[in-house]
Amino acid sequence: MADARYVFRLDQGRLGQQVQPIMARKAASLTRRISAQARVNVPVRTGFLGRSIQEDPLVFSGPFRLSTGVTATADYAAAVHDGTRPHVIRARNGQYLKFPGRNGPVFARSVNHPGTRPRPFLRNAAEQVLRADGLA
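A quick note: this is a predicted structure, and the numbers were derived from the prediction, not measured.

Novice: Let's hear about the packing of helix α1 (residues 12–41) against helix α4 (residues 121–132): which residues, and what values?
Specialist: The description of two packed helices rests on the angle between their axes and on the distance between the axes. Two elements in contact, α1 and α4, have axes separated by 8 Å at closest approach and are oriented at 130°. Taken together, the axis directions place α1 and α4 in an arrangement best described as oblique. The two elements α1 and α4 cross, and the hand of that crossing is right-handed. In contact with Leu-30, Arg-33, Ile-34, Gln-37, Ala-38 and Asn-41 of α1, α4 contributes Phe-121, Leu-122, Asn-124, Ala-125, Ala-126, Gln-128, Val-129, Leu-130 and Ala-132.

Right under this line is the structure:
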């Protein structure tokens with residue numbers, strides 16, 4: 001009976017140097033496509049939320065570990081994306097809230113807001129792009 005044994009040593013540093021540019025190109029491509037799809041998916045009233053969508057930088061935290069993302073920086077982006085629970089809106093400084101009613105303006109010290117449904121434009125964009133690439 002013949003027996004052969006081999007020792008295979010992997011130089012992870014050199015392999016990482018070769019793999020990092022490939023990973024960076026793929027991640028940058030996915031990030032660009034997700035941000036473009038998110039701008040298509042975002043609900044539009046003024047357009048500010050869509051213009052606030054930006055790509056996060058690529059960050060390597062090891063030879064084979066890369067993170068990046070897409071962020072909407074508008075202060076109300078999370079409320080649109082995740083929705084809001086029912087809540088009370090109160091007038092500031094002891095004043096009144098004013099809004100149009102059937103028979104003219106309505107004044108109130110507080111109102112019960114029913115909340116808003118989630119509109120997950122970022123998550124949906126990521127799922128659409130990853131599905132199109134066969135990654136999800």
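Novice: Break down the nonpolar core for me, with residues and values.
Specialist: A general tendency of soluble globular proteins is for nonpolar side chains to be buried together. Grouped together as the largest cluster of nonpolar side chains are 14 residues, with contacts concentrated most on Ala-38, Leu-49, Ile-53, Ala-72, Phe-121 and Leu-122. Of all elements in the fold, only α1, β4 (70–72) and α4 reach the threshold of two or more residues within this core. Contact partners of Leu-122, with chain neighbours within four places excluded, come to Ala-38, Val-70, Ala-72 and His-81.

Novice: Please give an account of the layout of surface pockets that cites residues and values.
Specialist: Approximately 410 Å³ is the volume found for the largest pocket. What lines the largest pocket is a set of 17 residues, among which Pro-43, Arg-45, Tyr-76, Val-80 and Arg-119 lie closest to the centre. When contributions to the lining of the largest pocket are tallied by element, the ones reaching two or more residues are α2 (48–51) and α3 (77–82). Ranked by the residues each element gives to the lining of the largest pocket, the list is headed by α2, at three residues. For the lining of the largest pocket, the residue count by class is seven nonpolar, seven polar and three charged. Of the voids in this model, the second largest pocket is the one considered here, and its volume is about 210 Å³. Lining the second largest pocket are Met-23, Lys-26, Ala-27, Leu-30, Thr-31, Ile-34, Leu-66, Ser-67, Thr-68, Gly-69, Val-70 and Leu-130. Residue assignment for the lining of the second largest pocket shows that the elements contributing at least two residues are α1 and β3 (66–67). The greatest single-element share of the lining of the second largest pocket, amounting to six residues, is contributed by α1.

About the thresholds
- Residues numbered from 1 in each chain as written.
- Predicted model: local features only at pLDDT ≥ 70, side-chain atom pairs only at ≥ 80, totals over all residues.
- Heavy atoms only, no water.
- Axes fitted to C-alpha atoms, helices over the stretch in contact; angles between N-to-C directions.
- Helix = DSSP H or I, 4+ residues; strand = E, 2+ residues; numbered from the N terminus.
- Parallel < 35°, antiparallel > 145°, perpendicular 65-115°, else oblique.
- Left-handed = near helix turned anticlockwise from the far one by under 90°.
- Contact = heavy atoms within 4.5 Å.
- Core = buried A, V, L, I, M, F, W, Y, C linked by side-chain atoms within 4.5 Å.
- Buried < 20%, exposed > 50% of the residue type's maximum accessible area, 1.4 Å probe, protein only.
- 1 Å grid on protein atoms, 1.4 Å probe; cavity = no way out; pocket = protein on both sides within 12 Å on 5 of 7 lines; lining within 4 Å.
- Points joined across faces, edges and corners; volume = space filled by probe spheres on them.
- Nonpolar A, V, L, I, M, F, W, Y, C, P; charged D, E, K, R; others polar.

On their own, these measurements won't tell you what the molecule is for.
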